[in-house]
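Inside the fold
Here is what each chain is made of, one letter per residue.
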Amino acid sequence: MYDLPDEITVEADGALRVITLNRPDALNAVNDALHTGLAKLWPQLSEDRDARAAVLTGSGTAFSAGGDFAYLAELARDPRLRTKTVAHGRDIVLGMARCRVPIVTAVNGPAVGLGCSLVALSDIVYIAETAYLKDPHVQVGLVAADGGPLTWPLHTSLLLAKEYALTGARIPAERAREMGLVNHVVADPLSEALACAKRILGLPQQAVESTKRLLNLHLERAVLAALDYATTAEEISFQHPDFHAIIEQLAAKKS
């Protein structure tokens, strides 16, 4: 139905689309295929005229564990991959902000890095009681062009956005709800997200989609104000010695 890599599955249930990040053995960590697939996903979802709501979740025990270390190391070495990845990061952000279909996200486990960004760009979020959010871009020497600093100031206070973006500290589920970064902390986020999406399916389509667009105009304008600077700064940070040193240290620990 969709032209996507195996790292992303899309299942149809009537007008509902269930989208799953599908690298369970790697905790759905983002590699090139998954990142590219996410850039392609949102326009395809918008163009799927039979789709009226979507649920986004992760397979296995994590929503997404952030960037795959091997992928990050490759980004440090390969300028073409860096350029493509930065462009795709922009496509992911704008694709979600402009997506016609309401996206209800079920955070079934840790949502780190890009996983955290996907949560911030969703329309309604259910998170497991034991899950958490974390944006470690700064910790590994990167500017978070598609991460918390881009979108969190719309969801929470600027001071809290600064604290968690600059320190990369974990945000436990209940704390995320208190801050306004998620809607509900629940025992079974997937079943709750599916129920929410099905309620949306029962509402008038034009009113739902136009109201989502009205609300996301605020998001899109805020994102566009910062996105060019963010992507340029991130591409520079991929080439900085700090990032290279940190990735080498992480790779050595993993081996």
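A few points on the structure. Because the structure is predicted, anything quoted here is derived from the model rather than measured.

Cut-off values and rules
Residues numbered from 1 in each chain as written. Predicted model: local features only at pLDDT ≥ 70, side-chain atom pairs only at ≥ 80, totals over all residues. Heavy atoms only, no water. Helix = DSSP H or I, 4+ residues; strand = E, 2+ residues; numbered from the N terminus. Buried < 20%, exposed > 50% of the residue type's maximum accessible area, 1.4 Å probe, protein only. Contact = heavy atoms within 4.5 Å. Pairing = 2+ DSSP bridges. Axes fitted to C-alpha atoms, helices over the stretch in contact; angles between N-to-C directions. Expected span 1.5 Å × (residues − 1). Arc of directions from axis to C-beta. Phe/Tyr/Trp six-rings, centres within 6.5 Å; stacked < 30°, edge-to-face > 60°. Parallel < 35°, antiparallel > 145°, perpendicular 65-115°, else oblique. Nonpolar A, V, L, I, M, F, W, Y, C, P; charged D, E, K, R; others polar. Salt bridge = Lys/Arg side-chain N within 4 Å of Asp/Glu carboxyl O. 1 Å grid on protein atoms, 1.4 Å probe; cavity = no way out; pocket = protein on both sides within 12 Å on 5 of 7 lines; lining within 4 Å. Points joined across faces, edges and corners; volume = space filled by probe spheres on them.

1. Here we look at the environment of Ser 210
For Ser 210, the position within the fold is in helix α9 (residues 205–238). On the basis of relative accessible area, Ser 210 is assigned to the partly exposed category, the value being 38%. Here the alpha-carbon distance between Ser 210 and Arg 100, two residues 110 residues apart in the chain, equals 8.4 Å.

2. Observations regarding the side chain of Ser 237
Looking at where Ser 237 falls in the secondary structure, it is placed in helix α9. Setting aside residues no more than four positions away along its own chain, Ser 237 makes contact with Gly 141, Leu 142, Val 143 and Phe 243.

3. Here's the deal with the sheet that holds strand β4 (residues 103–107)
Read across the open sheet, the six strands follow the order β1-β2-β3-β4-β6-β9; overall the sheet is mixed. The open sheet is flanked by β1 (8–13) and β9 (184–186), the only strands paired with a single partner. Direction aside, neighbouring strands of the sheet carry axes that sit 20° apart on average. Pairing geometry for strand β2 (residues 16–21) and strand β3 (residues 53–58), over six bridges, is parallel. For Ile 19, the partnering residue across the bridge sits in β3 and is Leu 56. Contacting β1, β2, β3 and β4, helix α1 (residues 32–47) runs over the sheet at an angle of about 170° to β2.

4. Describing helix α8 (residues 189–201)
Think of an α-helix as turning once every 3.6 residues; residues three or four places apart then point the same way. Between its terminal C-alpha atoms α8 stretches 18 Å, which fits the 18 Å expected from 13 residues at 1.5 Å a residue. Restricting attention to buried positions, one finds in α8 the residues Pro 189, Ala 193, Cys 196, Ala 197, Ile 200 and Leu 201. Buried residues in α8, looked at end-on, bunch into an arc of 150°, giving them a common side. Turning to α8, the residues buried within the fold contact β2, β3, β4, β6 (124–128), β9 and α9.

5. Comments concerning the packing of aromatic side chains
One pass over the structure, following the stated rule, counts one aromatic pair. On the numbers, 5.4 Å between centres and 80° between planes, the contact of Phe 238 with Phe 243 is edge-to-face. Relative accessible area serves as the criterion here: at 0%, Phe 243 is assigned to the buried category.

6. Considerations on the packing of helix α3 (residues 79–98) against α9
One way to put it is that α3 packs onto α9 with a least axis distance of 8 Å and a crossing angle of 170°. Looking at the two axes, α3 sits roughly antiparallel to α9. Of the residues that constitute the contact of α3 with α9, the class distribution is ten nonpolar, three polar and nine charged.

7. Thoughts on the pairing of β6
The buried fraction of β6 is high, at four of five residues. Bridge analysis of β4 against β6 gives four bridges, and the strand direction is parallel. By the bridge assignment, Val 104 is partnered in β6 with Ile 124. As defined by bridge partners, β6 adjoins β9 across three bridges and the pair is classed as parallel. Bridge assignment links Ala 128 to a residue of β9, and that residue is Val 186.

8. A look at the environment of Gly 202
Looking at the element boundaries, Gly 202 is found in the loop between α8 and α9. Through-space distance from the C-alpha of Gly 202 to that of Arg 52 is 9.7 Å; in sequence the pair is 150 residues apart.

9. Points about the pattern of salt bridges
Under the criterion given, the structure shown has eleven salt bridges. Here Arg 90 makes a salt bridge to Asp 228, at a shortest N to O gap of 2.7 Å. Here the residue Arg 90 occupies a position in helix α3, and Asp 228 occupies one in helix α9, the gap between them amounting to 138 residues. What makes Arg 90 partly exposed here is its relative accessible area of 26%. Its relative accessible area of 47% is what places Asp 228 among the partly exposed residues. One salt bridge connects Arg 213 with Glu 220, and the closest N-O pair in it is separated by 2.7 Å. In this structure Arg 213 comes out as partly exposed when scored by relative accessible area, which is 33%.

10. Regarding the layout of surface pockets
Estimates place the volume of the largest pocket at around 610 Å³. If you trace the largest pocket, you find 36 residues lining it, with Gly 66, Gly 67, Leu 72, Gly 113 and Pro 136 closest to the centre. The class makeup of the residues in the lining of the largest pocket is 21 nonpolar, ten polar and five charged. Taken as a whole, the second largest pocket encloses approximately 450 Å³ of empty space. Considering the residues around the second largest pocket, the lining is formed by 22 residues, among which Ser 122, Asp 123, Ile 124, His 155 and Asn 216 are closest to the centre. Breaking the lining of the second largest pocket down by element, the ones donating at least two residues are α4 (114–120), β6, α5 (148–155) and α9. In terms of residues, the lining of the second largest pocket owes the most to one element, α9, which gives seven residues. A per-class count over the lining of the second largest pocket returns 13 nonpolar, seven polar and two charged.

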